[in-house]
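# Working through the structure, step by step
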Amino acid sequence: MRVKKVAVITAGGDAPGMNAALRAIVRMGEKKGLLLFGVKRGYTGLLYNEVEPLNRRSVSGIINLGGTILKTSRCEEIKTEIGLEMAKKTIEYNNFDALIVIGGDGTFRGALDIKKKVDIQIVGVPASIDNDIYGTDETIGFDTAVNTAVRAIDYLRDTAYSHERLFIVKVMGRKRGFIALEVGIEVGAEFILIPEVKEDLNKIIAELKEFEKIGKRSNLMVIAEGYEGADQIPTILGNETKLEVRLSVLGYLQRGGPPTARSRLLAELFGTKAIECLINEEENVMVGIRDNKLETTPLKEAVGKEKEINLELYKLAKELT
Ligand code: F6P
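Predicted model only: the values in this text are computed from it and were never measured.

Criteria and thresholds
- Residue numbers run consecutively from 1 along every chain, following the written order of its sequence.
- Selection of residues for local features in this predicted model requires a pLDDT of at least 70, selection of side-chain atom pairs for listing and counting requires 80 or more, and totals for whole chains, interfaces and linings are taken over all residues.
- Side-chain calculation: all heavy atoms of the structure are included, whereas hydrogens and water are not.
- A run of H or I in DSSP counts as a helix once it spans at least four residues, and a run of E counts as a strand once it spans at least two, with each numbered from the N terminus.
- Using C-alpha atoms as the atom set, the radius of gyration is obtained and then compared with a globule rule of 2.2 Å times the number of residues to the power 0.38.
- Accessibility here uses a 1.4 Å probe with only protein chains present; expressed as a share of the type maximum, an area under 20% marks a residue as buried, one over 50% as exposed, and anything in between as partly exposed.
- Where each domain starts and ends follows an automatic or database-derived domain assignment.
- Contact criterion: two residues are considered in contact whenever any of their non-hydrogen atoms come within 4.5 Å of each other.
- Throughout this description, the term salt bridge denotes a Lys or Arg side-chain nitrogen within 4 Å of a carboxyl oxygen of Asp or Glu.
- The definition of a polar contact used here is a pair of N or O atoms within 3.5 Å, where within protein one atom must be able to donate a hydrogen and the other to accept one, and adjacent residues in sequence count solely through side-chain atom pairs.
- Residue polarity is assigned by list, with Asp, Glu, Lys and Arg as charged and Ala, Val, Leu, Ile, Met, Phe, Trp, Tyr, Cys and Pro as nonpolar; anything else, Gly included, falls into the polar class.
- We call two strands paired when DSSP finds no fewer than two bridges between them.
- Throughout, an axis means a line fitted to C-alpha atoms (over the contacting stretch in the case of helices), and angles, computed between N-to-C directions, take values from 0 to 180 degrees.
- Residue count minus one, scaled by 1.5 Å, sets the expected span of a helix.

What follows concerns the overall build of the chain. The helix and strand tally for the chain stands at 11 helices and 11 strands. Computed over the C-alpha atoms, the radius of gyration of the chain is 22 Å, within 12% of the 20 Å expected from 2.2 N^0.38 for a compact globule of 321 residues. Taking the principal axes of the C-alpha coordinates as reference, the chain spans close to 75 × 35 × 30 Å. Taken across its 321 residues, the chain has 54% of its residues classed as buried.

Here the focus is the domain arrangement of the chain. On domain assignment, one finds that the chain holds domain 1 (5-140 + 259-304) and domain 2 (142-255). Its C-alpha centre places domain 1 at a distance of 34 Å from the equivalent point of domain 2. Each partner contributes residues to the interface: domain 1 has 16 residues there, and domain 2 has 13 residues. Where domain 1 meets domain 2, there are two salt bridges. The interface formed by domain 1 and domain 2 includes five residue pairs in polar contact (both at pLDDT 80 or more). Residue composition of the side of domain 1 that touches domain 2, grouped by class: four nonpolar, six polar and six charged.

Positioned with a positive phi, N49 is a non-glycine residue whose angle comes to about 55 degrees. Counting through the fold element by element, N49 comes out in the loop between α2 (43-47) and β3 (51-54). In the Ramachandran plot, N292 falls in the positive-phi region, its phi being about 70 degrees despite a non-glycine side chain.

Counted according to the given criterion, the structure contains 25 salt bridges. Between E76 and K79 there is a salt bridge; the shortest N-O distance is 3.2 Å. The burial state of E76 is the same as that of K79; both residues are exposed. Salt-bridge contacts for E276 lead to K273; the nearest nitrogen and oxygen are separated by 3.3 Å. Of this pair, E276 and K273 both sit in helix α9 (residues 261-279), three residues apart, which is roughly one turn of that helix. Since its relative accessible area comes to 39%, E276 is described here as partly exposed. Here K273 falls in the buried class, since its relative accessible area comes to 14%.

Within a sheet, adjacent strands bond to each other through the backbone by hydrogen bonds, running parallel or antiparallel. Taken in spatial order, the seven strands of this open sheet run β3-β2-β1-β4-β5-β10-β11, and their pairing is mixed. Taken across any chain shown, the strands that pair with only one partner, and hence form the sheet edges, are β3 and β11 (293-298). If you compare each strand with its neighbour and ignore which way they point, the axes differ by 30 degrees on average. Of the pairings in the sheet, the one linking strand β1 (residues 5-10) to strand β2 (residues 35-39) comprises five bridges and is parallel in character. Bridge pairing in β2 links I9 to V39. Helix α1 (residues 18-31) rests against β1, β2, β3, β4 (98-103) and β5 (121-126) of the sheet, and its axis sits at about 160 degrees to β4.

Moving on to the environment of L266. Looking at the secondary structure, you find L266 in helix α9. On the basis of relative accessible area, L266 is assigned to the buried category, the value being 3%. C-alpha separation for the pair L266 and A21, spaced 245 residues apart in sequence, amounts to 8.2 Å. Apart from the residues lying within four places of it in its own chain, the contact partners of L266 are E138, T139, I140 and I289.

A few words on the environment of L278. In this fold, L278 is placed in helix α9. Residues L278 and D291 lie 13 residues apart in sequence; the distance between their C-alpha atoms is 23 Å. When neighbours within four sequence positions are excluded, L278 is seen to be in contact with K4, V6, L34, A98, I100, Q121 and V123.

The next point concerns the side chain of N19. Inspection of the secondary structure puts N19 in helix α1. Polar contacts involving the side chain of N19 include one to the main-chain amide nitrogen of I69, which spans 2.8 Å. With sequence-adjacent residues up to four places away left out, N19 is seen in contact with I62, L65, G66, G67, T68 and I69.

Between its first and last C-alpha atoms α1 spans 20 Å; for 14 residues at 1.5 Å apiece the expected length is 20 Å, and the two agree. Within α1, 10 of the 14 residues are buried, which leaves the element mostly enclosed by the surrounding structure. Lining the buried residues of α1 we find β1, β2, β3, β4, β5 and α9.

Rendered as structure tokens:
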């Protein structure tokens, strides 16, 4: 294999473990004789040629850091012809042979568009707190976000219990309910609302009234930000029951902080696998884990297919409340 010049990008929403993935890519890549470069600020840096060489020293001390040392952005320009032309220029100017993109759905779409413009080997590494990417059971950062939310809700539960209030906790997840479902079952929430399952609000109101009758006034509801009508639910439940309702939006808290052991391990495995793909000349694939085995999926499938949510887990959560 001739020496390859490989550019690495972290793009889209940051996810805890992106740094651990970068570290693995750089260290394993160097071992295999590759030349590694970091592109700053996601696709924005690719447009404006913000590129720096990376070596094993430049990625030391980052395995435990949340965020991404390369920085990231939501780059709208990469969706335009002009933006793609600019990206092409940077790639050609630096003679990059390969591009490793660490991110989610939008990041992979961007990479596929770049591929249409310029002949470059592309490998995707799924990193997103949302865990909404087809082709991998888990994405880098998901476990950390779930643990952060679980810890935060454990704190909220204390005050929910003491004041006998209904606490509604909104979690991230974009259009999907992976975070809400996992968090909901792990905190023992009385109600879990995910976009994949439409719940009858009247039934929930009736249940809450039943709870009230038996003196149970402290309740937890975990709701995914993508659930239809999520913003109106606290007011409706407050009006329709005698309960004191409080809303807590966890928001960006879930995206920060040191990656959990699991997010780090996944990042190290995915990073190493990405290098293996480069060496084996695998093109346009995303690395991932399925049934505990590292696998690759064509990037086109990863962005084109919808990942199924585990409805058995949803049923179980209901049975356990
Ligand atoms: O994809 C990660 C995520 O945090 C989603 O859960 C959320 O909907 C979105 O990003 C927020 O995006 P932004 O950082 O652009 O506000």
